[in-house]
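What follows is each chain in one-letter form.
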There are 2 protein chains.
Amino acid sequence: MNSLNRLTEKANQQAIDRIQSSRVYLTELSQAKDKTSFFDGYSLMHSGPPVEWENMTTAMRNAVCGAIVYERWAESLSDAFDMAEKGLIRFGSDNENNAVGPMAGIVSPSMPVFVFENQVFGNKAYVTINEGLGKTLRFGANDESVINRLTWIENTLAPILKESLMLSGPIDITSIIAQGLQRGDECHNRNKASNNLFVNQIAPWMVRCNYSREDISQALTFMAGNDHFFLNLSMGNSKATMDTIHNIEYCSVVSCMSTNGYHLGIQVSGTGRQWFTAPSPYAKGNYFEGYDEADASTVMGDSYISEACGIGAFAMGAALGIGQFIGINTKQAQDYSLEMYDITISEHELFKIPTFDFKGTPLGIDIRKVISSGRLPVINTGIANKRPGVGQIGAGIVYPPIDCFRKAYEAYMAQSSCVSTEDKGALVT
Amino acid sequence: MNSLNRLTEKANQQAIDRIQSSRVYLTELSQAKDKTSFFDGYSLMHSGPPVEWENMTTAMRNAVCGAIVYERWAESLSDAFDMAEKGLIRFGSDNENNAVGPMAGIVSPSMPVFVFENQVFGNKAYVTINEGLGKTLRFGANDESVINRLTWIENTLAPILKESLMLSGPIDITSIIAQGLQRGDECHNRNKASNNLFVNQIAPWMVRCNYSREDISQALTFMAGNDHFFLNLSMGNSKATMDTIHNIEYCSVVSCMSTNGYHLGIQVSGTGRQWFTAPSPYAKGNYFEGYDEADASTVMGDSYISEACGIGAFAMGAALGIGQFIGINTKQAQDYSLEMYDITISEHELFKIPTFDFKGTPLGIDIRKVISSGRLPVINTGIANKRPGVGQIGAGIVYPPIDCFRKAYEAYMAQSSCVSTEDKGALVT
């Protein structure tokens, strides 16, 4: 083993130790503007690496316009569009501000956010509240029903959850994911059992909140009826976990994967917060009645951090029921997960796959292994319509472009100059 | 094929059609005495075939004494014991009164019961509310904490659930079981996800009930914190389903399996409500810390109707996580289910096993196949302490005695005299 590889093995072990020992709790409900210094005037955060209005997909642009109307910065969607066209909106990446968001991932200052704390390392993460399936802002829908729901979330659901969390104390999200994987979830695109588990934990506290029974009942109905409500909680766990491994020198473990629909970017621990990007791909998927591939937008979302954290498509062997949602069969679901052991360096100690005899999920994507094997991390994903205002039209499987990993590997290799030049020729183990 | 077998094939198909088309809803909460004409004065129902005080296990006797104190027929457990010894208590079998109960299965007149309706066939079934794990009446515990919990169930939990059900309307229990099997449950000894699902469905209605928030919150905490709360709902589904196949002439499908700790009995469709019994066996199991086989009671309970209905141990391939609870590994859990296809005649159309590529669970135990193969139906079960007042000490696997099936087969064969005597020599297909 050459010098860089030796340093990398040690660094990678440190990264894995941090991930394995992380324990993320949902600690409070707050408002986005109170939790990040990013917001100042007309400013919005989005999923993926930084992207400007000019390069945003139609779906993300529609989500931006919806958020502008929701914030009352403009009265109509067309006024909102004009504001953005004139460059009046400042944009920033969720991931660069301790946040993550599914699909378009738009976070506006007034939006309520779940606050997650990694109780081992002390770092925090922020995620908005999931709006449900179908016609939602994150999928680029922005009509009155979407804005009204966001307003209800802000004025009714969030305050109830805020008070409930004050009563209940922190809720262990890592533990719910671990249990969810024993109950057919992979906690990216299948969150059914985990969501039920979360609702079971918080419901007794919601009842005690100082809000009307009607409001509490509606809040419970919304949460219990939205299988993906837990997705945003799962993402908070992944973000607060993976944020602990940035900047471990020589570490070749992927710390983040994310896409804004224009570019998909990955980050690698050893190279810090640098994005390695390539054009966002399309998913291969299962489309809802009446839609097909021609309707699809390129993939969007910060939720791909799930796979970096050893869940999502990496754990589909635990979630065979996801097959019909994303258009794969039982064997494929298991094979997708099995293949990921080839490009990862550990097995999760808490997240276990029952059908693999309770083997831990494949954990820690090593860019060296991706490059040497040519095997890419598999991700499952929602699919948005490329046209305005429709929302989700399917779900499927996608691979990040190999170019992201090539660029990351080049940057990783560049570190070798600081180590020992003569070993450069044989860096891949 | 001889005449009896021909008639049996047709009869069995009819039985399977009834089971497959059954759809059981939880429709209301009531009190046991209002739902069965059995109760009159000092009278109690119990699990298994009929059994008198003299032959009851210590665990069942303790449950009886607890129920007597709960009903205030006696002031102390020793007075209760004396009442039973003097023959003042009339006993009857749950199963013979449209009811089922786990373990000792004691139903007393004041106990609240869930009312289930098979909405296809119109028949009803009654099951008490599950008390939780550990020290409970059904496991033969009967101290003050047990009686107090029963009283709280009667005075607080049941009225809340009663009103909730009036608000929510009937809840589809068959559907929850079908979903539970996709989430790692087998709905006999593993009910985690199904229970969460049920709580998610009823919680929004509980909030609207005319009871204090404190009471509703405690009710939710109790239900959400008791993984086996759903067991009694699952049993209601099995009972209201299997009660549709009694007395189909020549039918060789097992309609009921149940044990009172003294005798285990089975019923077969074609021979109606006749019990075929043999001494209750011991389970082979996984014991809680501090207990072992020497502490175990013989097996008890009406919940073995689960396996007759194609769930429980027959569906353990869907519930690999049950392994550590009952002391088996992943392969065994799958093998137990797989073996049951040998002695059943159909696959459940709604209850699917993900790890078997969504094959339906083995359904319809055919006593002819049991006799010809020598393979017995596998059942998973809770294990009670044989000593007074301890409660559950483990869980495991048990097989009903072959003698039950031999006797049933003899009775089945006796029907052949009504068919065609010359075929008698070759009745087993």
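These numbers were taken from a predicted model, which means no experiment stands behind them. Position numbers for residues count from 1 along each chain, tracking the sequence in the order it is written. Chains carry letters and ligands carry numbers; both start at the beginning, A for chains and 1 for ligands, and go up in the order they are written. Given that this is a predicted model, residues contribute local features only at a pLDDT of at least 70 and side-chain atom pairs are listed and counted only at 80 or more, while totals for whole chains, interfaces and linings are drawn from all residues. Excluding hydrogens and water, the side-chain values take into account all heavy atoms of the structure.

> Please provide a residue-by-residue account of the overall build of chain A, values included.
Going along the chain from the N terminus, every DSSP run of H or I of four or more residues is numbered as a helix, and every run of E of two or more is numbered as a strand. Along the backbone of chain A there are 14 helices and 16 strands. Taken over C-alpha atoms, the radius of gyration is set against a globule rule of 2.2 Å times the number of residues to the power 0.38. Relative to a compact globule of 429 residues, whose C-alpha radius of gyration would be 22 Å, chain A shows 21 Å and is just as compact. With the C-alpha coordinates of chain A rotated into their principal frame, the extents come out at 65 × 50 × 40 Å. Relative accessibility under 20% of the residue-type maximum defines a buried residue, over 50% an exposed one, and the middle range a partly exposed one, all with a 1.4 Å probe and only protein chains included. The buried share among the 429 residues of chain A stands at 66%. Of all intrachain contacts in chain A linking residues separated by at least 6 positions in sequence, the fraction that spans at least 24 positions is 72%. Note on contacts: a residue pair is in contact if any heavy atoms of the two residues lie within 4.5 Å.

> Describe the interface of chain B and chain A, naming the residues involved and giving the relevant values.
Listed per partner, the contact involves 32 residues of chain B and 33 residues of chain A. Contact with chain A buries area across many residues of chain B, yet R183(B), N200(B) and R213(B) alone supply 27% of it, more than any other trio. Counted as salt bridges are all cases of a side-chain nitrogen of Lys or Arg within 4 Å of a carboxyl oxygen of Asp or Glu. Counting across the interface, chain B meets chain A through 2 salt bridges. The salt bridge involving R208(B) is made with E214(A); its shortest N-O contact spans 2.6 Å. We call two N or O atoms a polar contact when they sit within 3.5 Å, provided that within protein one can donate a hydrogen and the other can accept it, with sequence-adjacent residues counted only if both atoms are side-chain atoms. Applying the counting criterion to the chain B and chain A interface returns 18 residue pairs in polar contact (both at pLDDT 80 or more). Counting residues per element, the ones that place at least two in the side of chain B that touches chain A are α7 (192-206) and α8 (213-225) of chain B. Amino acid classes used here: Ala, Val, Leu, Ile, Met, Phe, Trp, Tyr, Cys and Pro are nonpolar; Asp, Glu, Lys and Arg are charged; the rest, including Gly, are polar. For the side of chain B that touches chain A, the residue count by class is 14 nonpolar, 11 polar and 7 charged. In this description, buried area is defined as the sum, over both parts, of the accessible area (probe of 1.4 Å) that is lost when the two are combined.

> I'd like to hear about the environment of Q31(B), residue by residue, with values.
Residue and element names in this part refer to chain B. Inspection of the secondary structure assignment puts Q31 in strand β1 (residues 24-31). Measuring from C-alpha to C-alpha, the distance between Q31 and I89 comes to 19 Å, with 58 residues separating the pair along the chain. Excluding residues that lie within four positions of it along the chain, Q31 makes contacts with P109, S110, M111, P112, V113 and E154.

> Which residues make up the nonpolar core, and what are the values?
Of all hydrophobic cores here, the largest spans 97 residues; its most connected members are F198(A) and F198(B). For this core, the element with the highest residue contribution is helix α5 (residues 144-168) of chain B, accounting for 7 residues. Among all residues touching F198(A), those that are not within four sequence positions of it are L26(A), I171(A), I173(A), I176(A), M223(A), F229(A), F230(A) and L233(A). Only buried Ala, Val, Leu, Ile, Met, Phe, Trp, Tyr and Cys residues count toward a nonpolar core, and they belong to the same one when joined by side-chain atoms within 4.5 Å. Judged by nonpolar contacts, the second largest core, of 56 residues, contains M340(A), V370(A), A411(A) and Y412(A).

> Describe the sheet that holds strand β15 (residues 379-384) of chain A, and please don't skip the residues or the numbers.
All names here are of chain A. Strands pair, by our definition, only if DSSP identifies at least two bridges between them. The antiparallel open sheet is built from 3 strands, whose spatial order is β11-β16-β15. At either end of the open sheet lies a strand with only one pairing partner, and these are β11 (284-287) and β15. On average, adjacent strands in this sheet sit at an angle of 30 degrees to one another, irrespective of strand direction. With 4 bridges joining them, β11 and strand β16 (residues 392-398) adopt antiparallel strand pairing. Structural elements are reduced to axes, namely lines fitted to C-alpha atoms, with helices fitted over the stretch in contact, and the angle between N-to-C directions of any two is expressed from 0 to 180 degrees.

> Tell me about the relation of the copies chain B and chain A, residues and numbers included.
The transform that puts chain B on chain A rotates by 180 degrees and translates by 0.0 Å along the axis, for an RMSD of 0.0 Å. Look at the turn and shift together and you get a two-fold axis relating the two. When each C-alpha of chain B is compared by its distance to the rotation axis, R183(B) comes out closest, at 2.0 Å. Both copies share a contact surface, since 100% of the interface residues of chain B are interface residues in chain A too. Least squares is used to superpose the copies, and the fit set is the C-alpha atoms of residues whose pLDDT is at least 70 in both copies.

> Please set out the domain arrangement of chain A residue by residue, giving values where relevant.
All names here are of chain A. When cut into domains, chain A gives domain 1 (3-8 + 247-426) and domain 2 (22-237). With 52 residues of domain 1 at the contact, the number on the domain 2 side is 47 residues. For the domain 1 face of the interface with domain 2, the top three residues by lost area are N260, M300 and D302, together amounting to 18%. On inspection of domain 1 and its partner domain 2, the count reaches 16 residue pairs in polar contact (both at pLDDT 80 or more). The set of elements that each furnish at least two residues to the side of domain 1 that touches domain 2 consists of β8 (254-260), β9 (263-268), β12 (300-301), α10 (305-308), β13 (344-353) and β15. Just so you know, the domain bounds were taken from an automatic or database domain assignment.

> Could you give an account of the sheet that holds strand β7 (residues 171-172) of chain B, with specific residues and numbers?
Strand pairing in a sheet takes place through backbone hydrogen bonds and is either antiparallel or parallel in direction. Residues and elements named next belong to chain B. Strands sit in the order β4-β6-β5-β1-β7 across an open sheet of 5 strands; the sheet is mixed. Pairing within the sheet leaves two strands with one partner each, and these edge strands are β4 (99-100) and β7. As judged from the 7 bridges shared by β1 and strand β5 (residues 112-118), these two strands associate in the antiparallel manner. From the neighbouring strand, V24 faces β5, where its bridge partner is N118.

> Quick one: what's the story with the packing of helix α6 (residues 173-181) of chain B against helix α9 (residues 231-242) of chain B, residue by residue and with numbers?
All names here are of chain B. Where α6 contacts α9, the two axes come as close as 9 Å, and the packing angle between them is 115 degrees. By the angle between their axes, α6 is roughly perpendicular relative to α9. Every pair of crossing elements has a handedness; the one defined by α6 and α9 is left-handed. From α6, I173, T174 and I177 reach across to α9, where they touch L233, S234 and N237. By definition in this entry, angles of less than 35 degrees are roughly parallel, angles greater than 145 are roughly antiparallel, angles of 65 to 115 are roughly perpendicular, and the rest are oblique. What makes a crossing left-handed is the near helix being turned counterclockwise from the far one by less than a right angle; a clockwise turn instead makes it right-handed.

> Which residues make up unusual backbone geometry, and what are the values?
Residues and elements named next belong to chain A. In the Ramachandran plot, N247 falls in the positive-phi region, its phi being about 65 degrees despite a non-glycine side chain. As for its placement among the helices and strands, N247 is situated in the loop between α9 (231-242) and β8. By relative accessible area, which is 54% here, N247 ends up exposed. Positive phi, close to 75 degrees, is recorded for Y250, a residue that is not glycine. Here Y250 lies in the loop between α9 and β8. Y250 sits in the buried class, given a relative accessible area of 14%.

> Before we move on, could you go through the pairing of β16(A) and cite the residues and values that matter?
Two faces make up the sheet, and in a regular strand the side chains alternate between them. Residue and element names in this part refer to chain A. The buried count for β16 comes to 7 of 7 residues, which makes it a mostly enclosed element. Pairing between β15 and β16: 6 bridges, direction antiparallel. The partner of I383 across the bridge, within β16, is G394.

> Residue-level account of the pattern of salt bridges, with values.
Residue and element names in this part refer to chain A. Counting across every chain of the model gives 32 salt bridges over all chains. Residue R23 pairs with D172 through a salt bridge whose shortest N-O separation is 2.9 Å. On the criterion of sequence distance, the pair formed by R23 in the loop between α1 (3-21) and β1 (24-31) and D172 in strand β7 (residues 171-172) is long-range, its members being 149 residues apart. The partner of D185 in a salt bridge is R190, with the nearest N and O atoms 3.9 Å apart.

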